Amino acid sequence: MANRYGRYTFDAELDCDWMTVDVDITFILSNEGEGDLIETESVVISLSGQDISRFVNWNYIDNLIAEFIANGDQKDYGNG
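Here goes a summary of the coordinates provided. A quick note: this is a predicted structure, and the numbers were derived from the prediction, not measured.

## Notes on helix α1 (residues 58-70)
Spanning 13 residues, α1 covers 18 Å between terminal C-alpha atoms, matching the ideal 18 Å at 1.5 Å per step. Of all the positions in α1, only I61, L64, I65 and I69 are classed as buried. On an axial view of α1, the arc spanned by its buried residues comes to 135°, and they lie on one face. Those residues of α1 that are exposed and aimed more than 90 degrees away from the buried face are N59, N63 and A70. On its buried side, α1 packs onto β1 (6-16), β2 (19-32), β3 (35-38) and β4 (44-47). One side-chain oxygen at the N-terminal end of α1 lies 2.9 Å from the backbone nitrogen of N59; it belongs to N57.

Cut-offs applied
Residues numbered from 1 in each chain as written. Predicted model: local features only at pLDDT ≥ 70, side-chain atom pairs only at ≥ 80, totals over all residues. Heavy atoms only, no water. Helix = DSSP H or I, 4+ residues; strand = E, 2+ residues; numbered from the N terminus. Expected span 1.5 Å × (residues − 1). Buried < 20%, exposed > 50% of the residue type's maximum accessible area, 1.4 Å probe, protein only. Arc of directions from axis to C-beta. Contact = heavy atoms within 4.5 Å. Polar contact = N/O pair within 3.5 Å; in protein donor to acceptor, adjacent residues only side chain to side chain.

Structure representation (structure tokens):
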């Protein structure tokens, strides 16, 4: 059975008034008792290898991560 917990990276586009950038979002998903936990200190948004985490809207990033997890392929994760 595969484990759904661990380090993940996915690509996304971030927009502002004057540009759109393609970024990689990396985070660690773990289990804390009864629920999943995204280790916030592990979240890194990078553009060409440069960490741009301090420049982004974190509510939007949280939503992107939640959507990524929700769209995960359950057959890859197994039952737990």
